[in-house]
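One letter stands for each residue in the lines below.
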Amino acid sequence: MFKMIIIRISPIIIFFMVLGFFVQNLLLIESQELVPRVVWRIYSDVGELGGGAYTVCEKDEYIYVVGSQGTRPRIEMRLKSNGSLMNTRISNIFYKLSDCVVVGDRLYVVGWYNTILMFDLNLNLLRHTDVNFSYSPGTIKSYENYLYIGGVESLGDRWRWRIEMRKTDDLSLIKSFTSSESQKYDDLYVIKINPVTKQL
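Quick look at the structure, then. Source: prediction; values computed, not measured.

**Here's the deal with the state of the cysteines**
Enumeration according to the criterion identifies one disulfide in this entry. Between the sulfur of C57 and that of C100 lies a disulfide, 2.3 Å long from S to S. What sets the handedness of the C57 and C100 disulfide is the S-S torsion sign, and at about -130° it is left-handed. Of this pair, C57 sits in strand β1 (residues 51-59) while C100 is found in strand β5 (residues 97-103), placing the two residues 43 residues apart along the sequence. For C57, a relative accessible area of 9% puts it in the buried group. What makes C100 buried here is its relative accessible area of 6%.

Rendered as structure tokens:
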């Protein structure tokens, strides 16, 4: 003999059960949308000597990938939308590149041995600084039409960090600050600018 049990559930309880179901699914959908996803992935052909990408900066529909091909510096211009390669710049003149920034219609790149380069957005070289084996910039930022460049200065068996302020139009040096020699290896990796206090 089978017994049938009938349970009456209040309409209010049913309402909150259905509401809870929809809220749970809505939160699940939103959480999935917040998870980063890979839109595209590209591998550059850098040859048998290998290489790598060190930093990326962007302007409008393009990104500029700064890295190396073997021992030579390499800059790629790619489409943001799908990663298609639009242009490449490889040099035997300059040394390892480390950071970049776009200001207006100019791309600025810094690297070892006082390498400070100015390109147009099609990777045509417009200006560069003279090689200085005692100073290696590693990071660059822009603010109010000036470039702020940080790096390391070699003093034989000691290092000290250095920050330069340069003009964007001709890369000329406006002023600089160098740390004291209190430490044997005094290094600098990244600089940031506070737009509120205008402090570096």
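**Some remarks on unusual backbone geometry**
Peptide bonds are, in most cases, trans, and in most cases residues other than glycine have a negative phi. The phi dihedral of E144 falls on the positive side, at around 50°, and the residue is not glycine. Judged by its relative accessible area of 48%, E144 falls in the partly exposed class. Phi at N145 is positive, roughly 65°, even though this residue is not glycine. Note on placement: N145 falls in the loop between β9 (135-143) and β10 (146-154).

**Side note on the pairing of strand β8 (residues 125-128)**
In this structure, strand β7 (residues 115-120) lies alongside β8, joined through three bridges in antiparallel fashion. Residue pairing in the sheet places L117 in a bridge with H128 of β8. Following β7, the chain reverses through four residues before pairing antiparallel with β8; L123 in that reversal takes a positive phi of roughly 70°.

**Remarks on the sheet that holds β5**
Strand order in the open sheet formed by four strands is β5-β6-β7-β8, with antiparallel pairing between adjacent strands. Looking at which strands have only one partner, the edges of the open sheet turn out to be β5 and β8. For this sheet, the mean inter-axis angle between neighbouring strands, taken without regard to orientation, is 20°. Where strand β6 (residues 106-111) meets β7, six bridges bridge the pair, whose relative direction is antiparallel.

**Structural notes on the sheet that holds strand β4 (residues 85-90)**
The four strands are arranged β1-β2-β3-β4 in an open sheet whose pairing can be described as antiparallel. Of all the strands in the sheet, just β1 and β4 have a single pairing partner and so form its edges. Put simply, the sheet's adjacent strands are angled 20° from each other on average, direction ignored. Of the pairings in the sheet, the one linking strand β2 (residues 62-69) to strand β3 (residues 72-79) comprises eight bridges and is antiparallel in character. For Q69, the partnering residue across the bridge sits in β3 and is R72.

**Remarks on the pairing of β3**
Within a regular beta strand, the side chains point alternately toward one face of the sheet and then the other, so they alternate between its two faces. Taken across its eight residues, β3 has seven buried, putting it largely inside the fold. Hairpin connection from β2 to β3: two residues lie between these consecutive antiparallel strands, with G70 at a positive phi of about 65°. Relative to β4, β3 runs antiparallel, the two being bridged by five bridges. Pairing of E76 across the sheet is with T88, part of β4. Adjacent in sequence and paired antiparallel, β3 and β4 are bridged by five residues, among which G83 carries a positive phi angle near 80°.

**Structural notes on the environment of V110**
One can find V110 in strand β6. Here the alpha-carbon distance between V110 and H128, two residues 18 residues apart in the chain, equals 9.7 Å. Ignoring any residue separated from it by four or fewer positions in sequence, one finds V110 in contact with L97, S98, D99, T115, I116, P137, G138, T139, I140 and I149.

**Overview of the packing of aromatic side chains**
Inspection of every chain in the model, using the stated rule, returns two aromatic pairs. Judged by centre distance (5.5 Å) and plane angle (45°), the rings of W161 and F177 are tilted. Separated by 16 residues along the polypeptide, W161 in strand β11 (residues 159-167) and F177 in strand β12 (residues 173-178) bring together distant segments of the chain. The class of W161 is partly exposed, set by a relative accessible area of 22%.

Basis of the calculations
- Residues numbered from 1 in each chain as written.
- Predicted model: local features only at pLDDT ≥ 70, side-chain atom pairs only at ≥ 80, totals over all residues.
- Heavy atoms only, no water.
- Disulfide = S-S within 2.5 Å.
- Helix = DSSP H or I, 4+ residues; strand = E, 2+ residues; numbered from the N terminus.
- Buried < 20%, exposed > 50% of the residue type's maximum accessible area, 1.4 Å probe, protein only.
- Pairing = 2+ DSSP bridges.
- Axes fitted to C-alpha atoms, helices over the stretch in contact; angles between N-to-C directions.
- Contact = heavy atoms within 4.5 Å.
- Phe/Tyr/Trp six-rings, centres within 6.5 Å; stacked < 30°, edge-to-face > 60°.

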